[in-house]
Amino acid sequence: MASLYHLAPPSPPDGNAAPPARQQGCVLAKVSNFNDLRRDIGVGPMRRLMQLLVGRVVEAVPGAAVELAARDVIAVDFATARPDALAHVVGLCRSACATLIQIEDFSCLPKMVASGAVAPVGGDSTLLVERAEAALADAEQAMAAPRASLPGGVEERVVAEVDGALDRGEMVLHYQPKVHIRRQAIDCVEALVRWQHPERGLVPPGDFIPATERAQRMERLTLWTIAQAITDQRTLRAQGHDLRIFINMSGHLLADAEFVRLACAAITAAPDARLGFEVTETSVIRDPDGAIAHLREFDRIGVRISIDDYGAGLSSLAYLKQLPACELKIDKLFVTQLTSSNRDPLIVRSTIDLAHALDMEVVAEGVETQAALALLSVMGCDMAQGYFISPPLAPAPLAAFLAAEQHHQATQDVRGSFTRRAAGWKRG
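Cut-offs used in this document
Residues numbered from 1 in each chain as written. Predicted model: local features only at pLDDT ≥ 70, side-chain atom pairs only at ≥ 80, totals over all residues. Heavy atoms only, no water. Buried < 20%, exposed > 50% of the residue type's maximum accessible area, 1.4 Å probe, protein only. Helix = DSSP H or I, 4+ residues; strand = E, 2+ residues; numbered from the N terminus. Pairing = 2+ DSSP bridges. Axes fitted to C-alpha atoms, helices over the stretch in contact; angles between N-to-C directions. Parallel < 35°, antiparallel > 145°, perpendicular 65-115°, else oblique. Left-handed = near helix turned anticlockwise from the far one by under 90°. Contact = heavy atoms within 4.5 Å. Nonpolar A, V, L, I, M, F, W, Y, C, P; charged D, E, K, R; others polar. Expected span 1.5 Å × (residues − 1). Arc of directions from axis to C-beta. 1 Å grid on protein atoms, 1.4 Å probe; cavity = no way out; pocket = protein on both sides within 12 Å on 5 of 7 lines; lining within 4 Å. Points joined across faces, edges and corners; volume = space filled by probe spheres on them. Salt bridge = Lys/Arg side-chain N within 4 Å of Asp/Glu carboxyl O. Phe/Tyr/Trp six-rings, centres within 6.5 Å; stacked < 30°, edge-to-face > 60°. Lys NZ or Arg CZ within 6 Å of the ring centre and 35° of its normal. Core = buried A, V, L, I, M, F, W, Y, C linked by side-chain atoms within 4.5 Å. pLDDT = per-residue confidence, 0-100.

Enquirer: Where do I start with the pairing of strand β8 (residues 171–180) in this structure?
Expert: Within a regular strand, the side chains alternate between the two sheet faces. β8 sits mainly inside the fold: 9 of its 10 residues count as buried. Count of turn residues in the β8/strand β9 (residues 185–197) antiparallel hairpin: 4 residues, of which Q184 carries a positive phi of about 50 degrees. Bridge count between β8 and strand β16 (residues 383–385): 2 bridges; the pairing is antiparallel. Bridged to H180 within β16 is M383.

Next up, the structure:
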């Protein structure tokens, strides 16, 4: 399914028809089962699969500029006078990727969702890309909506189970610290929802969060998270640990005025609360005016805004400069390969410089090695988050971790061991 945005003016009535004007177009084709395929075949084969898909699209749409715009998104830029060019190119992209692909010993069938936008040649190319991103988001939502609305569907059953777990008090929060690299201090943590099932044990969030988000039913769980985070924060503060807690915000909630009202009421009712919200740029692009207005409302009451997963999607500087954000999180896709890639250090360094120029602190997530932490330190990254520092912890183990100052072992002497590697990205 595709949602198509046309920026071109309407054609004149029949009888006075002028020759079709040339239009420029941008189609974005996303592999919707990217994560599932990567888990099955591995990171390296998945990269090769995406390059093969790019080659197929190049053959299917001759004359177009085709590139891998993100790890799971192919961008197709074209110019044509064909009246149905947008729908035609979308169809070609989907058809090109609709057959099995053999990668090593695996047979893979990518699931593709594609959409885009067209505009008169010579128009604003940035606006064109933003419209294409919005169309792709609409197409993804349209694909998910029928499944969420089916009575007895998977998403609705999961939502009912989550509601029941909240009623029974089975949901808990774990917290993953963010360590300030230069000060070797932990001032904030990220709250992560866990389901402590009486029979199944600790249910991972991947088993219930994605389905709840697809059903656009995250309101109750998020409001519960805000209230529980405030309670846990007070307990930790009484033990001598005053931490700001960051909470993940689902995209559809940013456009929900009633949710924003309820969230603001819960936060202002607790004057001692120190919270932050982590949001992705994709969630802003869906409804930029409403999302930015609501984020400014949160900022007004003291909630700090963090831009999550930066670099994983199609980042837009046009929106980045408008957001009332104090923090930018570099996606772990770039951090986990920081010491084994030639390009990732350059991307990370330029992102750090950009964020600092916009008066934002930078958090690198997915830090799993001493070497990665050392390189981030010499790059000037402000904070690090990942299993090398600490896994997500329940409140009691978190308090013990902080009291023992265990993070010092991870952050001590991070600069000295990695100066030679730093020279590689400093050149030029």
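Enquirer: In this structure, what is going on with the packing of helix α1 (residues 34–41) against helix α2 (residues 43–60)? I would like to understand it.
Expert: In a pair of packed helices, the angle between the axes and the distance between the axes together describe the arrangement. Where α1 contacts α2, the axes come no closer than 7 Å and their chain directions differ by 130 degrees. Comparing their axes, α2 and α1 come out oblique. Here α1 runs over α2; the crossing is right-handed. Taken together, the residues of α2 that come into contact with α1 (itself represented by F34, L37, R38 and I41) are V43, P45, M46, L49 and M50. In the contact of α1 with α2, the residues fall into 8 nonpolar, no polar and 1 charged.

Enquirer: Sorry if this is basic, but what is going on with the environment of I230 here?
Expert: Along the chain, the position of I230 falls in helix α7 (residues 219–238). Remark: the alpha-carbon pair of I230 and A273, spanning 43 residues in sequence, is separated by 5.9 Å. Discounting residues that sit within four places of it in the chain, I230 has contacts with A266, A270, A273 and L275.

Enquirer: It is not clear to me how helix α14 (residues 344–357) should be interpreted in this structure. Could you clarify?
Expert: Residue pairs three or four apart in sequence face the same way in an α-helix, which turns once every 3.6 residues. If you check α14, its first and last C-alpha atoms are 20 Å apart, about what 14 residues at 1.5 Å a residue would give, namely 20 Å. Looking at α14, one finds that the buried residues are D344, P345, V348, T351, I352 and A355. Looking straight down α14, one finds that the buried residues subtend no more than 130 degrees of arc, so they occupy a single side. Looking one or two residues beyond α14, the residue adopting positive phi is D359, at roughly 60 degrees.

Enquirer: Where do I start with empty space enclosed by the protein in this structure?
Expert: All told, the structure shown has 1 cavity of 30 Å³ or more when counted by the stated rule. Considering only enclosed or pocket space, the largest cavity measures out at about 30 Å³ in volume. Forming the walls of the largest cavity are V159, V162, D163, L166, T212, R217, R220 and L221. Taken together, the elements giving at least two residues each to the lining of the largest cavity come down to α5 (154–168) and α7.

Enquirer: What is the right way to look at the pairing of strand β3 (residues 65–70) in this model?
Expert: One ladder, built from 5 bridges, connects β3 with strand β4 (residues 73–80); its direction is antiparallel. Directly across from L68, in β4, lies its bridge partner I74. Counted between consecutive antiparallel strands, the loop separating β3 from β4 contains 2 residues.

Enquirer: Where do I start with the pattern of salt bridges in this structure?
Expert: Between side chains of opposite charge, a pair can form as their charged atoms come close. All chains considered together, the criterion is met by 18 salt bridges. Here E140 and K30 are joined by a salt bridge, their closest N and O atoms 3.0 Å apart. Separated by 110 residues along the polypeptide, E140 in helix α4 (residues 125–149) and K30 in strand β2 (residues 23–31) bring together distant segments of the chain. Among the salt bridges present, the one from D163 reaches R217, with a minimum N-O distance of 3.8 Å. Of this pair, D163 sits in helix α5 while R217 sits in the loop between α6 (209–214) and α7, and the two are 54 residues apart along the sequence.

Enquirer: Can you walk me through the packing of aromatic side chains in this structure?
Expert: Two aromatic rings, taken as a pair, are described by how far apart their centres are and by the angle between their planes. Here the structure, examined in full by the defined rule, presents 2 aromatic pairs. Each ring, one from F277 and one from F298, has its centre 4.8 Å from the other, and the planes form 85 degrees; the classification is edge-to-face. Taken together, the residues span a long stretch of sequence, with F277 in strand β12 (residues 275–280) and F298 in helix α11 (residues 288–300) at a distance of 21 residues. With respect to burial, F277 and F298 carry one shared label: buried. A cation over an aromatic ring shows up here: K178 above the ring of F246, its NZ or CZ 3.8 Å from the ring centre. When the ring centre of W195 is taken as reference, the NZ or CZ atom of R200 above it lies at 5.4 Å.

Enquirer: Looking at this model, I keep getting lost on the nonpolar core. Mind explaining?
Expert: For soluble globular proteins, nonpolar side chains are generally found buried alongside one another. With 79 residues, the main nonpolar core has M171, F208, L221, L275, F277, F298 and L376 as its most contacted residues. Among the elements that take part in this core, α7 stands out by supplying 6 residues, more than any other. Residues contacting F298, with those up to four places away along its chain left out, are V260, A263, C264, F277, V303 and I305. By size, the runner-up hydrophobic cluster in this structure holds 31 residues, among which are L53, V54, L86 and C93.

Enquirer: Whenever I open this one, the confidence of the model for the chain confuses me. Can you help?
Expert: Low-pLDDT stretches of the model should not have their predicted coordinates read in fine detail. The pLDDT averaged across the chain works out to 83; a share of 85% of its residues lies at or above 70. No element of the chain has a lower mean pLDDT than strand β1 (residues 4–6), at 41, and none a higher one than strand β11 (residues 244–248), at 97. Low pLDDT (under 50) marks residues 1–15, which in the prediction has 42 contacts with non-local residues, meaning those over four places away or in another chain. Here residues 415–428 is a poorly scored stretch, pLDDT under 50, and it has 23 contacts once near neighbours within four places are set aside; other chains count.

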